[in-house]
Amino acid sequence: MDNSAFEMHEDGSQKTLSIGKTGPISRKEKEKQWSLLRIFLLCLLACVITTAIGVLILSLVSVNNSQPNVNIRLESQAWRPQTTAPEVQKVVDPKFQFLNHLPKSKVFEFPGGEIQWARYRNNIKDYLSEEEEAFGTNLNSQRSQITLGTLRIKSQGLRAPHWHFNANEHGYLVQGTAWIGVVDDGGEVATTYNVTAGQVIFFPKNTLHWVKNVGEEDCFFLLFFSTHDELQTLDVDDVFFSTPEDIASRSLKPEGGINFIRKFHKQTEDQGISLPPNLAELVANATYEQSPDNLVWRYFFDLKGSKNYQFPGGEIQQAQYWKNGSELSDNEKIFSEFLHQHQNALALSTLRIYNNGLRQPHFHFNANEMGYVLSGCGKVGIVTTQNAIEFNIHIGDVVFFPTGSQHYIKSTCDEDLLFVLAFSTGDQLQTLDMDDYFQATADHILAQLFFRKQSEFKKIPKFKDDQAINLP
């Protein structure tokens with residue numbers, strides 16, 4: 001056959017037959033061949049086992065090294081469902097950047113009274129609501145230089161002697177009668193005076209002062225501070241108990257020395273507003289002296305007795321610095337000049353809007369504004385570079401208007417809408433009303449701006465009386 005495969009097979013058969021005829025010698029060779037085959041198979045088996053062990057070891061090492069990646073993949077897989085379904089956060093109404101419902105805020109209680117705040121907090125967990133956080137954050141981001149607190153002192157209660165590191169303090173007494181003390185630089189002069197409802201108090205930064213309720217009813221103060229950060233305050237009792245006994249003894253030099261100091265014990269309850277239950281035993285003879293007017297009027301202003309600026313729809317009274325003090329009394333000049341000597345002082349005023357009256361749209365050149373609603377109700381509108389917002393206001397609400405933001409206030413109740421306002425300037429307040437800037441702008445400029453004929457703007461009347469607060 002021509003097929004070579006078959007040719008090899010035939011040759012192989014012939015060789016097998018010829019070998020079979022060899023006899024005993026061929027068997028020995030055959031046994032020798034089987035021995036070599038066994039050795040080869042054993043070596044091959046050893047190689048296979050060695051290779052298998054090596055592969056196994058390498059596999060184990062590879063698995064251990066890749067384990068963190070497996071964990072990462074598992075963690076990322078477990079995390080993926082959270083990214084596809086994020087938690088929906090509450091959207092805060094933008095009006096709460098400018099509105100604070102103060103009666104809903106936290107009440108800080110003391111033995112002799114309580115305090116509430118409309119202010120910025122360093123720790124957002126200190127806010128009771130997202131709305132309160134929006135207001136506080138806006139005060140800080142706008143660098144408002146204003147913080148508001150309400151202070152209620154029970155009869156015979158005492159706001160402990162204290163001072164503020166980072167703010168001047170301006171107060172308006174809404175209700176009650178109080179006796180004020182202020183310690184001047186060096187401690188040589190302690191100015192004391194009495195205040196009644198409608199009057200203003202002023203304490204410069206780092207000036208030690210106290211407030212004592214000397215009437216039968218609660219004292220209720222509105223306090224404005226010239227800071228947009230958290231207020232920093234030290235009370236005298238806290239400072240005393242933080243001072244080493246030997247240092248206090250050497251400083252005060254009391255009879256009995258350090259043993260006298262050791263008789264004082266810090267109360268477990270904060271005495272920021274103090275009213276000991278055994279006050280009658282502790283105080284046998286209290287006098288409430290009035291210092292001379294030239295000292296008192298540096299820290300005091302009789303706002304309710306000051307000039308009343310009348311408008312068709314309301315009235316305004318102001319406790320501020322006046323560049324031209326010709327219309328001020330001698331005592332009012334003392335207050336005006338002393339206020340102007342202190343950096344970051346505030347200006348205070350009362351704003352009364354009659355029923356359906358309007359404090360027309362206006363803005364302030366040189367101050368942020370904060371207001372507290374004492375009575376009535378109304379509607380507020382504010383226009384900023386970002387948006388225009390309108391909202392309702394009621395007793396106890398606090399509003400904030402950044403410098404340059406146009407805003408208006410309308411009375412919507414039968415009773416008068418009464419505000420106490422604070423402005424972040426120690427200079428005379430600078431304000432521009434809408435009717436004034438329309439009248440001052442050339443009519444052809446207005447025509448081009450509003451796409452109306454120039455003659456149309458002749459229809460806007462110019463009034464003899466100031467229309468800052470107007471009525472229909």
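Our subject is the structure that appears above.
Residues numbered from 1 in each chain as written. Predicted model: local features only at pLDDT ≥ 70, side-chain atom pairs only at ≥ 80, totals over all residues. Heavy atoms only, no water.

**Details of a nonpolar patch on the surface**
A surface patch of nonpolar side chains, about 260 Å² in accessible area, is lined by Leu41, Leu44 and Val48. Along the chain, Leu44 falls in helix H2 (residues 24-84). Classification of Leu44 by relative accessible area gives partly exposed; the value is 44%. (Patch = residues over 30% accessible without salt bridge, like charges linked within 9 Å, V, L, I, M, F, W, Y side chains within 5 Å. Areas by Shrake-Rupley, 256 points an atom, 1.4 Å probe, with all protein chains shown as cover. Salt bridge = Lys/Arg side-chain N within 4 Å of Asp/Glu carboxyl O. Helix = DSSP H or I, 4+ residues; strand = E, 2+ residues; numbered from the N terminus. Buried < 20%, exposed > 50% of the residue type's maximum accessible area, 1.4 Å probe, protein only.)

**Considerations on the nonpolar core**
Core analysis: the largest hydrophobic core is formed by 80 residues, its most contacted members being Tyr193, Phe221, Phe224 and Ile393. If we skip the residues at most four places from it in the chain, Tyr193 touches Ala178, Trp179, Ile180, Val182, Ile201, Phe202, Phe203, Glu289, Gln290, Val296, Tyr299 and Phe300. (Core = buried A, V, L, I, M, F, W, Y, C linked by side-chain atoms within 4.5 Å. Contact = heavy atoms within 4.5 Å.)

**A look at the environment of Asp466**
Of note, Asp466 is situated in the loop between helix H11 (443-450) and strand E26 (469-470). As for Asp466 and Gln310, which are separated by 156 residues in sequence, their C-alpha atoms are 8.9 Å apart. Excluding anything up to four places from it in sequence, Asp466 contacts Phe311, Pro312 and Asp433. A distance of 2.9 Å separates the side chain of Asp466 from the backbone nitrogen of Ala468, its partner in a polar contact. (Polar contact = N/O pair within 3.5 Å; in protein donor to acceptor, adjacent residues only side chain to side chain.)

**Topic: the environment of His364**
Summarising the element assignment, His364 is placed in strand E18 (residues 358-364). On the basis of relative accessible area, His364 is assigned to the buried category, the value being 5%. With 42 residues separating them along the chain, His364 and Gln406 place their C-alpha atoms 8.0 Å apart. Once residues within four sequence positions are removed from consideration, His364 is found in contact with Glu369, Thr403, Gly404, His407, Phe423, Leu429, Gln430 and Thr431.

**Observations concerning the side chain of Asn166**
With respect to the helices, strands and loops of the structure, Asn166 is situated in the loop between strand E5 (158-164) and strand E6 (169-175). One polar contact links the side chain of Asn166 to the main-chain amide nitrogen of Gln232, over a distance of 3.0 Å. Among residues more than four places away in sequence, those in contact with Asn166 are Lys205, Ser226, Thr227, Asp229, Glu230, Leu231 and Gln232.

**Brief notes about the state of the cysteines**
For the coordinates displayed, the defined rule picks out one disulfide. Covalently, Cys377 is tied to Cys413 through a disulfide, its sulfur atoms 1.5 Å apart. The sign of the 100° torsion about the S-S bond sets the Cys377-Cys413 disulfide as right-handed. Of this pair, Cys377 sits in the loop between strand E19 (369-375) and strand E20 (378-383) while Cys413 sits in the loop between strand E23 (406-411) and strand E24 (417-423), placing them 36 residues apart in sequence. In terms of burial, Cys377 and Cys413 fall into one category: buried. (Disulfide = S-S within 2.5 Å.)

**Some thoughts on the sheet that holds strand E17 (residues 347-353)**
Spatially, the seven strands line up as an open sheet ordered E1-E22-E19-E24-E17-E16-E15, and their pairing is antiparallel. Looking along the sheet, the strands with just one partner apiece sit at the ends: strand E1 (99-101) and strand E15 (309-311). When strand polarity is set aside, the average angle formed by the axes of neighbouring strands in this sheet is 20°. Here E17 runs beside E24; their pairing, made up of seven bridges, is antiparallel. By the bridge assignment, Leu351 is partnered in E24 with Phe419. In the packing of helix H3 (residues 130-141) onto the sheet, contacts are made with E1, E19 and strand E22 (397-401), and the angle to E22 comes to roughly 35°. (Pairing = 2+ DSSP bridges. Axes fitted to C-alpha atoms, helices over the stretch in contact; angles between N-to-C directions.)

**Observations concerning the pairing of E5**
Both E5 and strand E10 (residues 208-213) contribute to a ladder of three bridges, which runs antiparallel. Following the sheet pairing, Arg159 is matched in E10 by Val211. One ladder, built from two bridges, connects E5 with strand E13 (residues 273-274); its direction is antiparallel. Across the sheet, Arg159 pairs through a bridge with Ile273, a residue of E13. Across three bridges, the pairing between E5 and strand E12 (residues 233-235) is antiparallel.

**Observations regarding the pattern of salt bridges**
Evaluated as defined, the whole model comprises eleven salt bridges. Ionic pairing is found between Arg262 and Glu245, a salt bridge with its closest N-O pair at 2.8 Å. In this pair, Arg262 sits in the loop between helix H6 (258-261) and E13 while Glu245 sits in helix H5 (residues 245-252), placing the two residues 17 residues apart along the sequence. When its relative accessible area of 44% is taken as the criterion, Arg262 is described as partly exposed. Ionic pairing is found between Asp416 and Arg352, a salt bridge with its closest N-O pair at 3.5 Å. Taken as a pair, Asp416 in the loop between E23 and E24 and Arg352 in strand E17 lie far apart in primary sequence, 64 residues in all.

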